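# Descriptive analysis of the structure
Each chain is listed here by its residues.
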Amino acid sequence: MTDPLKLASEFPAADYASWRQLAEAGLKGADFNKKLVTQTLDGFAVQPLYTNDDQDDATRLIHQVLSASVDSKDAASGWDIRQLHAHPDPKAVNAAILEDLENGATSVLLKLDASARHGREISSAEVGVGGVAIHCLADLEIALDDIYTDLATVALDAGAAAIPAAVLLAAYIAKTDGADEAAPAFNIDPIGTLAATGSLPCDVTDAINQAASIACDLIDQFPLATAITVDGAPYCNAGATDGQELACLLASGVTYLRALTDTGMAADQAAGAIAFNVAIGTDFFAGIAKLRAIRLMWSRILGASGIEDTTITINAVSAEMVLSKVDPWVNMLRTTVTSFAAGLGGADSVVCLPYDHLIGLPDGFARRIARNTQLILQEESNVHRVIDPAGGAWFIENLTKDLSTAAWARFQKFEATGGIVKSLKDGSLKAEIETIWQARQKRLATRRDPLTGVSEFPNIAEAKVTCATPDLDTIQAEAKARQTKFKGSIGKDFNSLINAASNGATIGHMFTDLYGTSAATQIAALVPHRLSESFESLRKRSDTHKAKTGKLPQIFLANLGPVAKHTARAMFARNFFEAGGIEAISNKGFADADTCAKAFADSGAKIAIICGTDAQYGEMATDIAKALKQAGANRIYLAGHPGDAKASYEAAGIDDFISIGGDVLDVCKTALTHLGVK
């Protein structure tokens, strides 16, 4: 049957060779590979265009393998919308959870406070700091009051105290109706804890074996649960590439799989007890490929282990590394990208962090935006109703393959050199990731990797976002009042721990009985970073200066001629310096040096930047610079590359030049110093 529409039939057939010829003509002699081919930090190239010719037999199999690793029933309900809760007051957490669940969230992530995470007693000053003050069963009962744990998954983030916290949750769920249908995520992860904090309360091998033993008991009691999590966030937030993070996930997953099967657990049951926590950044296509790659590679590992069911449980979370404290409203866009990529990549649950996550405790509005982001993605795009929606896209398939290849090679290196634990203990993994972070820093400083609202289009006059400050004294007093006088030994087996928790033992009691009082393993922890941190440091200097003096540090825009001529470079200069917290004083332009110098003197500024066209610079730049120096400018910049005129410009008093590719951080640091901003 012929096509009655014959779409585009009047145009010649398209082919790669023709496109390449046109692209190179458009580059006007510039190198195709330098201009249009992207070299990733993982060492492979991303082409500007992919066609069916870029598919090989291995690439065509990816979609088939991924489709087989997905339970088709999940396509009907969509991914789990998981909301993070870290308010220190269990009563406030309970109210927030109920509100979230009533308005679209489907599961809960409880982050315990610093005291509980370190296994400290309720007398610790860290009670309520950085998380929920849950230390005993009474605390958990308040936080989860009226929550149906058989309908809404409860997940834990408890750090080094993951086992005592898991025991508390198990003891709580066991007393509720529908316990057999509950699917909690206990999230025990000693390897991830060691990577993130540099500390474990016992030997690493003992911690892994103990986690496996407790996981067996938890799965026996709650067959639908996941007991072990493999957390990639510490690696991602330290600056690792996607390939490095995936390799760490695989290496940790294999370590846990071996430990679980060594306890006697069946291989397929052991695989089902493990969940992966994957941090997703704002590179949309890379986020999709990352989740497809971990699914593909874990399926291969399970198949090699003789496990027929190759499904994988993935929780995706917005990477803290990509969020910013300045212009935090842009975080709404960032987390929309991370959540959409997670959904398209096949995540089972997604944590969309609130836009003010880095500033303080989110209010109802921030939590509503976070959950509605996912609800809109599900209900308006229906991406969750398609198994592997990115499958078949030539670019995505090749990106998945290249990323998998890079990660698999790194994973094999882990296996050949003693595993991920050895790489953490000897510091080699930390050194590798720090090298990548330094490479990221260079790209950020030169805006090769731009950050909207931070290094590009900064809004230094933005209204500050404020968050509620909880009354920790009251919360700590109430937490102490809920404690019972538990006495006696506890024991280290699961049943003894459950009995102790049911009789009032705190996380601190159980932690001390399990591990003693001193950390047995200490290493250099991975250092968390955020892409915007260096720019935020400059903005903080600027804000402190404003608090002391009443105004931001300023730079005068010495605009030449009419607006049409100077506006391009004036806008470039404004963005450049305001990214470092330096306010640009603008104007409509000057026709001569004397007028410009007088306006500069009247502005009260100490530094200036000349903005105009190259032709104007040839006619006016030296005179303008001399006049500005006489008017008191202690530093003068010129917007644009000086070319052969650099020496004459410098002789006239121009101190530095800014252009595309310049180091924004270094220039702004120097400018702030000249402005007396400490």
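Above: the structure in question.
For the structure given in this document, a descriptive report is provided here. What you see is a predicted model, and the numbers here were worked out from it, not measured in a lab.

### Describing the packing of aromatic side chains
The full count for this structure, using the stated rule, is 18 aromatic pairs. Judged by centre distance (6.4 Å) and plane angle (40°), the ring pair of Tyr649 and Phe657 falls under tilted. Seen from the ring of Phe32, Arg20 lies directly overhead, with NZ or CZ sitting 3.6 Å from the centre. In this structure, Arg410 is placed above the aromatic ring of Phe414, and the distance from its NZ or CZ to the ring centre is 4.0 Å.

### A few points about helix H8 (residues 162-174)
Here H8 contains 13 residues, and its C-alpha end-to-end distance of 18 Å stays within 8% of the 18 Å for a straight helix at 1.5 Å per residue. Of all the 13 residues making up H8, twelve are buried; the element is thus mostly covered by neighbouring parts of the structure. Buried residues of H8: Ala162, Ile163, Pro164, Ala165, Ala166, Val167, Leu168, Leu169, Ala170, Ala171, Tyr172 and Ile173, and no others. Residues of H8 that are buried in the fold lie against helix H7 (137-143), strand S5 (153-157), strand S6 (185-188), helix H10 (204-221), helix H21 (494-502) and helix H22 (507-515).

### With respect to the nonpolar core
By size, the foremost hydrophobic cluster in this structure holds 127 residues, and its most contacted members are Leu110, Tyr235, Trp298 and Ile420. Sequence-distant contacts of Trp298, that is, excluding residues within four places in its chain, are made with Leu250, Gly253, Val254, Leu257, Ile274, Phe276 and Ile312. Ala279, Phe577, Leu675 and Val677 belong to the second largest nonpolar core, which has 72 residues in total.

### Some words on the environment of Ala390
Here Ala390 shows up in the loop between helix H16 (364-381) and helix H17 (394-416). Residues Ala390 and Ile288, spaced 102 residues apart in sequence, show a C-alpha to C-alpha distance of 7.8 Å. In contact with Ala390, other than residues within four places in its own chain, are Ile288, Arg292 and Ile396.

### With respect to the sheet that holds strand S14 (residues 583-585)
Ordered in space as S14-S13-S15-S16-S17, the five strands form an open sheet in which the pairing is parallel. Only two strands of the sheet have a single neighbouring strand rather than two, namely S14 and strand S17 (656-658). Neighbour to neighbour, the strand axes of the sheet diverge by 30° on average, direction disregarded. Note that strand S13 (residues 554-559) and S14 share three bridges and pair parallel. Across the sheet, Phe556 pairs through a bridge with Ile585, a residue of S14. Sheet strands in contact with helix H25 (residues 593-603) are S13, S14 and strand S15 (607-611), and its direction is about 165° off that of S13. Taken strand by strand, helix H28 (residues 664-674) contacts S15, strand S16 (635-639) and S17, and its axis lies near 150° from that of S16.

About the cut-offs
Residues numbered from 1 in each chain as written. Predicted model: local features only at pLDDT ≥ 70, side-chain atom pairs only at ≥ 80, totals over all residues. Heavy atoms only, no water. Phe/Tyr/Trp six-rings, centres within 6.5 Å; stacked < 30°, edge-to-face > 60°. Lys NZ or Arg CZ within 6 Å of the ring centre and 35° of its normal. Helix = DSSP H or I, 4+ residues; strand = E, 2+ residues; numbered from the N terminus. Expected span 1.5 Å × (residues − 1). Buried < 20%, exposed > 50% of the residue type's maximum accessible area, 1.4 Å probe, protein only. Contact = heavy atoms within 4.5 Å. Core = buried A, V, L, I, M, F, W, Y, C linked by side-chain atoms within 4.5 Å. Pairing = 2+ DSSP bridges. Axes fitted to C-alpha atoms, helices over the stretch in contact; angles between N-to-C directions.

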